[in-house]
Amino acid sequence: MVTFNILVTVALVYVAALFAVAFYADRSAKKGRTKWLRSPLTYTLSLSVYCTAWTFYGAVGNAARSGLEYLTIYLGPTLVFLGFWVLLRKLVRIGRAERITSIADLISSRYGKSTALAVLVTCLAVTGTTPYIALQLQSVTLSFAAFVPSEAGGNLADLNSTALWVAAGLAVFTILFGTRNLDANERHHGVVTAIAVEAIVKLVALLAVGIFVVWGVSGGLSDTLQIIEASPVAEWRPDAGRWVGMTFLSAAAIICLPRMFQVMVVENEDERHLTVASWAFPLYLMLMSLFVLPIAVVGLAVLPEGANPDLFVLTLPLALDQELLAMLAFLGGFSSATSMVIVAAIALSTMVSNHIVLPLWLSMQGPKATVSGDVRNVMILSRRISIGAVLALGYAYFRVTGGTAALSSIGLVSFAGVAQIVPALLGGIYWRGATRRGALAGLIVGFVIWGYTLFVPAIGLLPDSLMQNGLFAMSWLRPQALFGLVGLDPLVHSIFWSMALNSVAFLAVSLVTFPSPIERLQGAAFVNVFSRGESGAGYVGGVAETEDLLVMAQRLLGAREAQTLFQQSAKDQGKLGYLPDPTPEFVSTLERELAGSVGAATAHAMVRQIDGNAAVSVQDLLAVADESAQMLEYSSQLEDKSRELEQTARQLRDANDKLTALSVQKDAFLSQVSHELRTPMTSIRSFSEFLMEGGMKAPDRKRYSKIIHDESIRLTRLLDDLLDLSFLESGQAAMNDQTASLHDVLDRAVSSAGASKGAMTVRRNPADEQIELRTDTDRLSQVFINLISNAQKYCDAQAPTLDISVSEKQGQVDIDFVDNGSGIPQSQQSIIFEKFARLSDHSSAGSAGLGLAICREVMARLGGTVSYLPGQGGAAFRVSLPRRRVAEAA
Amino acid sequence: MGNSVLLIEDEPNIIEAISFLLERDGWTVRLHTEGVGAVEAVAAANPDVVVLDVMLPGRSGFDILRELRQGAAPADLPVLMLTARGQTKDRELAESYGVSGFMTKPFSNAEMLQTVRDLAEGRPPSGS
Amino acid sequence: MSEAPETKPTPRPSKFLEQSVYRRRRLIDAIKLLPTLGAGLFLTPALILGTGAGSTATRLVYFFFCWMVLILLCATLTRALSRGEEG
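Keep in mind that what you see is a predicted model, and the values were worked out from it rather than measured. (Residues numbered from 1 in each chain as written. Chains lettered and ligands numbered in written order. Predicted model: local features only at pLDDT ≥ 70, side-chain atom pairs only at ≥ 80, totals over all residues. Heavy atoms only, no water.)

Describing the interface of chain B and chain A
Buried accessible area, meaning the area lost when the parts come together, often serves as the stated size of an interface. Quick note on the threshold: Contacts are assigned to residue pairs that have any heavy atoms within 4.5 Å of one another. Note on terms: buried area is the combined drop in 1.4 Å-probe accessible area of two parts once they are placed together, counting the loss on both. One speaks of a salt bridge when a side-chain nitrogen belonging to Lys or Arg is within 4 Å of a carboxyl oxygen belonging to Asp or Glu. Contacts described as polar in this section are N or O atom pairs within 3.5 Å, which, within protein, must combine one atom able to donate a hydrogen with one able to accept it, while residues neighboring in sequence count only if both atoms come from side chains. Working definition: helices are DSSP H or I runs of at least four residues, strands are E runs of at least two. Numbering for both runs from the N terminus. The classification used treats Ala, Val, Leu, Ile, Met, Phe, Trp, Tyr, Cys and Pro as nonpolar, Asp, Glu, Lys and Arg as charged, and all other residues, Gly among them, as polar.
In this complex, chain B contributes 24 residues to the contact, which on the side of chain A involves 25 residues. Where chain B abuts chain A, roughly 2200 Å² becomes buried across the two surfaces, and 51% of that area is made up of carbon and sulfur atoms. Inspection of the region where chain B meets chain A yields 2 salt bridges. The residue Glu 693 of chain A makes a salt bridge to Arg 24 of chain B at a minimum N-O spacing of 2.7 Å. Across the chain B-chain A interface, the total number found is 7 residue pairs in polar contact (both at pLDDT 80 or more). Taken together, the elements giving at least two residues each to the side of chain B that touches chain A come down to helix 1 (12-24) and helix 5 (109-120) of chain B. When residues of the side of chain B that touches chain A are assigned to their parent elements, the largest contribution, 7 residues, is made by helix 1 of chain B. Taken together, the residues that form the side of chain B that touches chain A break down as 11 nonpolar, 6 polar and 7 charged.

What about the pattern of salt bridges?
Residues and elements named next belong to chain B. Formally: Residue burial is assigned from relative accessible area. The probe radius is 1.4 Å, only protein chains are included, and a residue is buried under 20% of its type maximum, exposed over 50%, and partly exposed in between.
The final tally for this structure, using the stated rule, is 22 salt bridges over all chains. A salt bridge links Lys 105 to Asp 53; the nearest nitrogen and oxygen atoms lie 3.3 Å apart. With Lys 105 in the loop between strand 5 (101-104) and helix 5 and Asp 53 in strand 3 (residues 49-53), this pair connects stretches of sequence that are 52 residues apart. Of the residues examined, Asp 53 reaches a relative accessible area of 2% and is grouped as buried.

Here we look at the confidence of the model for chain C
Low-pLDDT stretches of the model should not have their predicted coordinates read in fine detail. All names here are of chain C. The condition that has to hold: pLDDT is a residue-level measure of predictor confidence that goes from 0 to 100.
Of the residues in chain C, 63% reach a pLDDT of 70 or more, and the chain-wide mean stands at 73. Long-range and interchain partners of residues 1-15, a stretch whose pLDDT sits below 50, account for 19 contacts in this model, where long-range means more than four residues apart. Confidence metrics for the complex model read pTM 0.61 and ipTM 0.90.

Remarks on the packing of helix 13 (residues 240-256) of chain A against helix 21 (residues 410-418) of chain A
Residue and element names in this part refer to chain A. What counts here: The axes used here are C-alpha line fits, helices contributing only the stretch in contact, and every angle between their N-to-C directions lies in the interval 0 to 180 degrees. An angle counts as roughly parallel when it lies under 35 degrees, as roughly antiparallel when it exceeds 145, as roughly perpendicular when it falls between 65 and 115, and as oblique in every other case. Crossing handedness follows the turn of the near helix against the far one: under a right angle anticlockwise gives a left-handed crossing, and clockwise gives a right-handed one.
At a minimum axis separation of 8 Å, helix 13 and helix 21 run at an interaxial angle of 65°. Relative to helix 21, the element helix 13 lies roughly perpendicular. Relative to helix 21, the crossing made by helix 13 is left-handed. Of helix 21, the residues touching helix 13 (which contributes Arg 242, Met 246, Leu 249, Ser 250, Ala 253 and Cys 256) are Leu 412, Phe 415, Ala 416 and Val 418. In terms of residue class, the contact of helix 13 with helix 21 is built from 8 nonpolar, 1 polar and 1 charged.

A closer look at the pairing of strand 1 (residues 4-8) of chain B
Residue and element names in this part refer to chain B. Convention followed: Note: two strands are recorded as paired if DSSP finds a minimum of 2 bridges between them. Viewed with both strands pointing away, a crossover whose connecting path from the first strand over the helix to the second turns clockwise is right-handed.
Counted residue by residue, strand 1 has 5 buried out of 5 residues, so it is predominantly covered. The alternating pattern of strand 1 places Ser 4, Leu 6 and Ile 8 and Val 5 and Leu 7 on opposite faces, both of which are buried. Across 5 bridges, the pairing between strand 1 and strand 2 (residues 28-32) is parallel. Residue pairing across strands places Ser 4 opposite Thr 28, the latter belonging to strand 2. Between strand 1 and its parallel partner strand 2, the chain crosses via helix 1, and the hand of that crossover is right-handed. Across 4 bridges, the pairing between strand 1 and strand 3 is parallel. Within strand 3, the position partnered with Ile 8 by the bridge is Leu 52.

Describing the packing of aromatic side chains
Let me state the cut-off plainly: Pairing of aromatic side chains requires ring centres within 6.5 Å, counting the rings of Phe and Tyr and the six-membered ring of Trp. Pairs whose planes differ by under 30 degrees are stacked, by over 60 edge-to-face, and all others tilted. Think of it as a cone above the ring: NZ of Lys or CZ of Arg counts as a charge over the ring if it is within 6 Å of the ring centre and within 35 degrees of the ring normal.
Evaluation of the coordinates by the stated rule reveals 29 aromatic pairs over all chains. With centroids separated by 5.5 Å and ring planes inclined at 45°, the aromatic side chains of Phe 784 of chain A and Phe 817 of chain A adopt a geometry described as tilted. Of the two residues, Phe 784 of chain A sits in helix 35 (residues 777-794) while Phe 817 of chain A sits in strand 5 (residues 812-819), which places them 33 residues apart along the sequence. Residue classification places Phe 784 of chain A among the buried residues on the basis of a relative accessible area of 0%. Judged by relative accessible area, Phe 817 of chain A falls into the buried class, the value being 2%. Ring geometry for Phe 42 of chain C versus Phe 63 of chain C: centroids 6.4 Å apart, planes at 45°, classification tilted. With Phe 42 of chain C in helix 1 (residues 15-49) and Phe 63 of chain C in helix 2 (residues 56-86), this residue pair connects regions lying 21 residues apart in the sequence. Judged by its relative accessible area of 2%, Phe 63 of chain C is buried. A network of ring pairs unites the aromatic residues Trp 243 of chain A together with Phe 42, Tyr 62, Phe 63, Phe 64 and Trp 67 of chain C as a single cluster. Here the guanidinium or amino end of Arg 259 of chain A rests over the ring plane of Tyr 132 of chain A, the centre of that ring lying 4.9 Å away.

Describing the nonpolar core
Here is the rule we go by: The criterion is simple. A nonpolar core is a set of buried Ala, Val, Leu, Ile, Met, Phe, Trp, Tyr and Cys residues joined through side-chain atoms within 4.5 Å.
Core analysis: the largest hydrophobic core is formed by 194 residues, its most contacted members being Tyr 70 and Phe 415 of chain A together with Trp 67 of chain C. When residues in this core are grouped by element, the largest group, 18 residues, is from helix 18 (residues 323-365) of chain A. Those residues within four positions of Phe 415 of chain A in sequence are excluded, and the remaining contacts are Tyr 50, Trp 54, Ile 73, Tyr 132, Leu 249, Ser 250, Ala 253 and Leu 257 of chain A. Ala 740, Met 859, Val 866 and Val 879 of chain A belong to the second-largest nonpolar core, a separate cluster that totals 45 residues.

Focus on the interface of chain A and chain C
Taken residue by residue, the interface counts 40 residues in chain A and 37 residues in chain C. Of the roughly 3500 Å² buried where chain A meets chain C, counting both sides, 79% is carbon and sulfur surface. Contact with chain C buries surface across chain A, with Leu 82, Trp 85 and Trp 279 of chain A losing the most and accounting together for 20% of the total. At the junction of chain A and chain C, the tally comes to 0 salt bridges. At the boundary of chain A with chain C, the tally comes to 2 residue pairs in polar contact (both at pLDDT 80 or more). Listing elements by their share of the side of chain A that touches chain C, those giving two or more residues are helix 5 (72-82), helix 6 (88-97), helix 12 (221-230), helix 13 and helix 15 (273-290) of chain A. Here the side of chain A that touches chain C takes 9 residues from helix 15 of chain A, the largest share from any one element. Class assignment for the residues of the side of chain A that touches chain C results in 28 nonpolar, 7 polar and 5 charged.

This is the structure we're talking about:
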């Protein structure tokens, strides 16, 4: 006999295995080994979060009560996937192009990045999903109870604590693997892989039970069919209304359920995976439903009268003394429940955090928040708290309504709730005329009717009198016979009225209202996603300070990602460095990237805060942008040409600026050379004259000789630098490749620069520095020494600190030198690498200003770069070096 | 004959050379080593001659000279400017501000000493 | 529900290329028709035959047969399409 303890142990081991799988997958993904993580098979299997405990256990129960009706729950999704070319492909493309994070984000983004819509859809999703999570918790506790009726069935407290532990464990898992990446567009490899494993477990479990029932109990296929004919289920006749209605509902649900949207669109790695899923997912669904009816009829025949058909999958093997099989079935149900809860919690927490918590936090922080606050931490925290809250809500709901029949019908009620999104969604991606007000109207109408006719009655909140006589005793307001439509199944009745009035409100209001410019841009971007390629609609004009944007982006995207994005954009504009011009294209690219982590509406609001433009002028600019976007739609060639021209013009402008700056500085440079040469010569001449006069005391004579000596060395060094630079520039300098550890090279540089015993604190991370380099290490060391000495000379902080950090990506090693001083003003950043380009503020700190110029030449010769890294707080330099394999170069 | 000089210069070795030179000749040498606060130092020291370097940390010698000539110091206070930049337009600029003497580094000790003496006695500097 | 065609005709006229483009478009047409076919197969028994006679076992076999056919059809068509992309 399987005891409660054994069952708990098995469940725990299973959960531990899932943690291991998720952890391993996350680690593999980090190392870039994602071949199988990103396969279409994993994608297809992850879609199986559609099959929850409600379908795993409930389908058999449903079949025992209503015959083949359970099939509709699988047929709807099958139709949607067969039609992937028309709808899903477009959804996925839009999701990727616009960096959509959730279904709420999609709707909000399409209708002008509307916060109201995002909040509304989020509320709808939370309302619909909470009971559904409660249902999963209930199924897990019931399955425990079914296993060991004597021990646990009698003890309700035990069951409740089981549910609590399950909820808590799921919260830990979800927080651990679901909030590791801030950017929702970076896929949760760990979660998805664990879900895929669970998909296999539940399929195998159900198939095993089915095979056992058909061949083990009934004696083969034809015998099973005969048993079906003989069972009470054979009495069932399809009800056309319910059949069509439920097929429609399940089709709508697979698109609109937050968890489905998460795995289908947000976690999608590659559009082509859809092509495989289009047939593989229907196949999965077919296999999941293949043995449902046989299990139901055999259960009805074998098990005693009054046994709960919702648990036949478990109780049937148990009754036939197949404990291992029952255990497998238990794990299958457990998998179904946990995978649903995990993905739903991720999806809901993303929505709640992006559309409710973060906007509230931002508005409380005032306009400076985006620059000064640490938004990234706030976001991760808010997402984690949201996950906890969602699960707590599900658990509370389970405790309040648990065990009542009300819960078991909640699956379809939930489907009908999210189906309210369908008109706004389809209208949004196929019809440019759909407006924000239309979407709001449709959603509100649908939400209210669904709530009144289905949701509230289903959870048993309405008094009987109201059900019988209608609101305010008006019979045409009876929840299940609205406007006098009697005789319909309550579900079909609710779907009919909510969808009909939702669509009518959506279409009518859209027709009479006028969309704002943002809506028109977004509408065009969504509807024409296939013809517009990647250049989606964005907006913004204005005077955003690029450095402020970089500071904000670093907080949200992480420093490296933000720098890469900015650098790439600058390069596309034909500029060097990290600060592109804040052109509308760049700002809208940035906004889309940010949307990946905070959602479109929030990203929009944040960029606008920094942009500092009044809303009205943004709208004006948008109107212009809209016009030109429409023009460019007809003439993409014109677009290319004008972009080319713009880029050339920008390069010319840059070159001109640089030349002007250089010629203004040329005189200063010459003076500088003169100064640097004449200053030591002054001392030398003066003291040598003193010495020539003679008659000096011995100590004085010695001291003056030493000054002459030191100043001569200073002169020599200056000449050496000048010669070194011209040598490097002429291209004659040969680089001597050696193999050395970066750690050693840095060690040497730090001690040569005298930084190890100076006033400045040098912070390093030796673990990151263990990189074997094949390069001219003496030259590299020269560059490091220069940068460290510069920090020593120019860092004006009270307690000067230099951080040296090393990172590696895609065969490139980056070494960052960041001090905590006041940094270099943007106006000077582009000239510091020029010869003698000493900053006026530091004009006599004792070097000729050749150091950085030499660094730049050396790095160019080593195949790398040295650049100034803005937005780091202090002065920051990045040395980038291609990582050549030791073997390859040797 | 005056006997106090204010030296405004930031290069330690040059300071040492000039101090040695002038102190040996019986001058009292006071020192200020940066551009900031130089004008106040002049007012506080009330020297007979000011020796002023052009390139100073914080503030250029031209700026200081201009402020001195705009009334921050007696109008007849002799100011000798030193520069290592060797450009004629520097000299022109200094003269337009009303400098008393202008010398380019490196200088000979004798030349420096003679110039300071001349300036202190109200003669135009005989050296370059 | 109209979309811009995915493929642009190549400027260099070639009989073979045009044929393959043509074939690809018809393949896509067929794929687009799949859900309609599926809806027909899945919904008509309920709508037309409705409450009429017919055994549950027969219906069960019918549905799973249609299901299987649709899946095979879809797999064949999408594979043909991706082969066309590669070739």
